[in-house]
Amino acid sequence: STVLDAASFANNDRTRLQALLQAQQQTSDEDEAPGAPAAAAYKTHSTGILDVLEDLKEKAEGQLSELRKAETNAKQNYEMLKSSLQAQRGQDAKNLDEEKAGMASAQEDKATGEQELGMTSKSLANSQEELASTQAACMTTAADHDATVAGRAEELKVIAQAKKILQDTSAAAVSQTYSFVQVGARLRTRADLASAEV
């Protein structure tokens, strides 16, 4: 029974083998009894044993064939998996190289971008300084212009006042007309001319 449990027999085979062993045990018990055994008993037992052994052999060969097929399939699956993994490894290595190249290019672009940013920032600072200087100059010019306009307005006001004063003071003289003949008639001598100049 322990030997049968240790062997990997199917339940049906195990049952038949146990029946065979029990039959042999009973036969051996009967053989111990006095007298000669019957020849037919040996014949049926030997045929049963051969049938069981033949059946076990066929099953073992079937199992062996199935195991060989399974082994062949497992080997093929292994080879396919190995080939697939090797191809995947090659693709992964290629992708890694591409990623490294892309990363190097990105770092180069980053360095170029940082350099351009520095130059642009410097240019912006210069432009802002120029803008501040230009705004200050514009404010100064605008203040100068406002002062000039105010000065001209003041001058025009003074001129208008002077014109008015001249018009008011020379209103009587405007009504008189002078002629060089009249002046010439009054100035006949040098003494007249000297007195006219004074």
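Small disclaimer: the values here were computed from a predicted structure and weren't measured.

### A closer look at the overall build of the protein chain
Reasoning step 1: Along its length, the protein chain carries six helices and zero strands.
Reasoning step 2: Along the protein chain, from the amino end to the carboxyl end, the secondary structure elements read α-α-α-α-α-α.
Reasoning step 3: Buried positions account for 4% of the 198 residues belonging to the protein chain.
Reasoning step 4: Accessible surface, the protein chain as shown: approximately 17,100 Å² in total, 58% of it carbon and sulfur.

### What to know about empty space enclosed by the protein
Reasoning step 1: Per the counting criterion, the structure on display carries one cavity of 30 Å³ or more.
Reasoning step 2: For the largest cavity, the calculated volume is near 40 Å³.
Reasoning step 3: Lining the largest cavity are Asp13, Arg16, Val52, Asp55 and Leu56.
Reasoning step 4: Here the element with the most residues in the lining of the largest cavity is helix 3 (residues 39-169); it accounts for three residues.
Reasoning step 5: For the lining of the largest cavity, the class distribution of residues is two nonpolar, no polar and three charged.

### Quick word on the pattern of salt bridges
Reasoning step 1: Taken as a whole, this structure holds one salt bridge when the rule is applied.
Reasoning step 2: Across the pair Glu114 and Lys110 runs a salt bridge whose closest N-O atoms are separated by 4.0 Å. One end of the pair, Glu114, and the other, Lys110, are both in helix 3, four residues apart, so they sit about a helical turn from each other.
Reasoning step 3: Its relative accessible area of 48% is what places Glu114 among the partly exposed residues.

### Details of the confidence of the model for the protein chain
Reasoning step 1: Here the protein chain averages 79 in pLDDT, while 69% of its residues score no lower than 70.
Reasoning step 2: When pLDDT is averaged over each element of the protein chain, helix 3 comes out on top at 88 and helix 1 (residues 2-6) at the bottom at 48.

### Observations concerning a negative patch on the surface
Reasoning step 1: Residues Asp51, Glu54, Glu58 and Glu61 make up a contiguous surface patch of negative charge.
Reasoning step 2: Residue placement: Glu61 occurs in helix 3.

Conventions and cut-offs
- Residues numbered from 1 in each chain as written.
- Predicted model: local features only at pLDDT ≥ 70, side-chain atom pairs only at ≥ 80, totals over all residues.
- Heavy atoms only, no water.
- Helix = DSSP H or I, 4+ residues; strand = E, 2+ residues; numbered from the N terminus.
- Buried < 20%, exposed > 50% of the residue type's maximum accessible area, 1.4 Å probe, protein only.
- Areas by Shrake-Rupley, 256 points an atom, 1.4 Å probe, with all protein chains shown as cover.
- 1 Å grid on protein atoms, 1.4 Å probe; cavity = no way out; pocket = protein on both sides within 12 Å on 5 of 7 lines; lining within 4 Å.
- Points joined across faces, edges and corners; volume = space filled by probe spheres on them.
- Nonpolar A, V, L, I, M, F, W, Y, C, P; charged D, E, K, R; others polar.
- Salt bridge = Lys/Arg side-chain N within 4 Å of Asp/Glu carboxyl O.
- pLDDT = per-residue confidence, 0-100.
- Patch = residues over 30% accessible without salt bridge, like charges linked within 9 Å, V, L, I, M, F, W, Y side chains within 5 Å.
- Lys, Arg positive; Asp, Glu negative; His and termini not counted.
- Charge placed at Lys NZ, Arg CZ, Asp CG, Glu CD.

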